[in-house]
Amino acid sequence: MTLDTAERCSGVKLRGAFMADAPSIERIEAAAFANPNERFPIARIRALLANPRARSIVAESGGNSVGWCVALVRAHANWRSGRVYSLAVDPAMGGLGIGRTLVTTTLDSLASEGVERVYLEARASNTAALSLYTSIGFGVVEPLPDYYGAGIDGVRMRRLPMLGTIPDR
Ligand SMILES: CC(C)(COP(=O)(O)OP(=O)(O)OC[C@H]1O[C@@H](n2cnc3c(N)ncnc32)[C@H](O)[C@@H]1OP(=O)(O)O)[C@@H](O)C(=O)NCCC(=O)NCCS
């Protein structure tokens, strides 16, 4: 039987992130990203948690934080864009649907405040992330050579929630 995301995620709760979550988030980032150039140090995490443009959520299981997602909202003249800035799940809890739930919940939240299109960057060789993002409507719009260090390329991806219904920007 194939379990859907909600079933696989049972026992996992999502909530908004607080400043007190910074050490847990740092631990998740360190466990999830082997390359230091891909993860945030705690000072950056604290700055994000304090940023009024940031939308941050954590996933909790058994009282422990096991994943997080943060996106930034940017206001343009008469539209808004979003950028998924980080998504990370504790590898011990990987493959349970937590990453998908974190990012789709974030995208729903951005859409509810009028964000038309969402961007993100990912390592070009990160097959798990690229597979997840592609499955929810992101497409590669730009290669980013050496983005994560010498010889470690990235890609910029974009998701258009209402493809074809808004002018190109
Ligand atoms: C990418 C990441 C967030 C996925 O989180 P997760 O909770 O393990 O993923 P989910 O269980 O929600 O799976 C969602 C999709 O991700 C992809 N995926 C997850 N693990 C995968 C793996 N080991 N190999 C290939 N694809 C994988 C699949 O497309 C999967 O969909 P499916 O279950 O329908 O096949 C997690 O692996 C992680 O934290 N990786 C390190 C940090 C990172 O790369 N963040 C993204 C940076 S841009």
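Our subject is the structure listed above.
Structural notes, computed from the coordinates.

### Describing the overall build of the protein
No. 1: Counting secondary structure elements, the protein contains five helices and seven strands.
No. 2: Across the 169 residues in the protein, those meeting the buried criterion constitute 31%.
No. 3: When contacts within the protein are restricted to residue pairs at least 6 apart in sequence, long-range pairs at least 24 apart make up 58% of them.

### Brief notes about the site of the ligand
No. 1: In the vicinity of the ligand, 20 residues are found, and the nearest of them are Gly99, Arg100, Ala128, Ser131 and Leu132.
No. 2: When residues of the shell around the ligand are traced back to their parent elements, those giving at least two are strand S4 (80-89), helix H4 (98-112) and helix H5 (127-135).
No. 3: Examining the composition of the shell around the ligand, we find that six residues originate from one element, H5, more than from any other.
No. 4: In terms of residue class, the shell around the ligand is made up of 11 nonpolar, eight polar and one charged.

### Notes on the sheet that holds strand S2 (residues 54-61)
No. 1: Taken in spatial order, the seven strands of this open sheet run S1-S2-S3-S4-S5-S7-S6, and their pairing is mixed. One side of each edge strand has no neighbouring strand; the edge strands of this open sheet are strand S1 (12-16) and strand S6 (139-144). Each adjacent strand pair in this sheet contributes to an overall mean axis angle of 25°, direction not counted.
No. 2: In this sheet, strand S7 (residues 154-159) lies alongside strand S5 (residues 115-123) in antiparallel orientation, the contact comprising six bridges. Paired with Val118 across the bridge in S7 is Arg159.
No. 3: Against the sheet, H4 makes contact with S1, S2, strand S3 (64-75), S4 and S5, and its axis sits at roughly 30° relative to S3, the strand it touches most.

### Describing helix H2 (residues 22-32)
No. 1: Those residues of H2 not exposed but buried are Ala22, Ile25, Ile28 and Glu29. Buried positions in H2, seen along its axis, are confined to an arc of 120° and lie on one side of it.

### Let's talk about the packing of H2 against helix H3 (residues 42-50)
No. 1: Two elements in contact, H2 and H3, have axes whose closest approach is 9 Å; the angle formed by their N-to-C orientations is 125°. Taken as axis vectors, H2 and H3 run oblique relative to one another. Between H2 and H3 the crossing geometry is right-handed. Two secondary-structure elements touch here, H2 through Ala22, Pro23, Ile25 and Glu26 and H3 through Ile42, Ile45, Arg46 and Leu49.

### A few points about the pairing of S3
Regular strands have side chains that alternate between both faces of the sheet.
No. 1: The pairing of S2 with S3 spans eight bridges and is classified as antiparallel. By the bridge assignment, Ala59 is partnered in S3 with Gly67.
No. 2: Turn length for the S2-S3 hairpin, with the two strands adjacent in sequence and antiparallel, is two residues, and the turn residue Gly62 shows positive phi of about 55°.
No. 3: Here S3 pairs with S4 via nine bridges, running antiparallel.

Parameters and conventions
- Residues numbered from 1 in each chain as written.
- Predicted model: local features only at pLDDT ≥ 70, side-chain atom pairs only at ≥ 80, totals over all residues.
- Helix = DSSP H or I, 4+ residues; strand = E, 2+ residues; numbered from the N terminus.
- Buried ≥ 20, exposed ≤ 12 C-beta atoms within 10 Å, placed from the backbone.
- Contact = placed C-beta atoms within 7 Å.
- Near = placed C-beta within 6 Å.
- Nonpolar A, V, L, I, M, F, W, Y, C, P; charged D, E, K, R; others polar.
- Pairing = 2+ DSSP bridges.
- Axes fitted to C-alpha atoms, helices over the stretch in contact; angles between N-to-C directions.
- Arc of directions from axis to C-beta.
- Parallel < 35°, antiparallel > 145°, perpendicular 65-115°, else oblique.
- Left-handed = near helix turned anticlockwise from the far one by under 90°.

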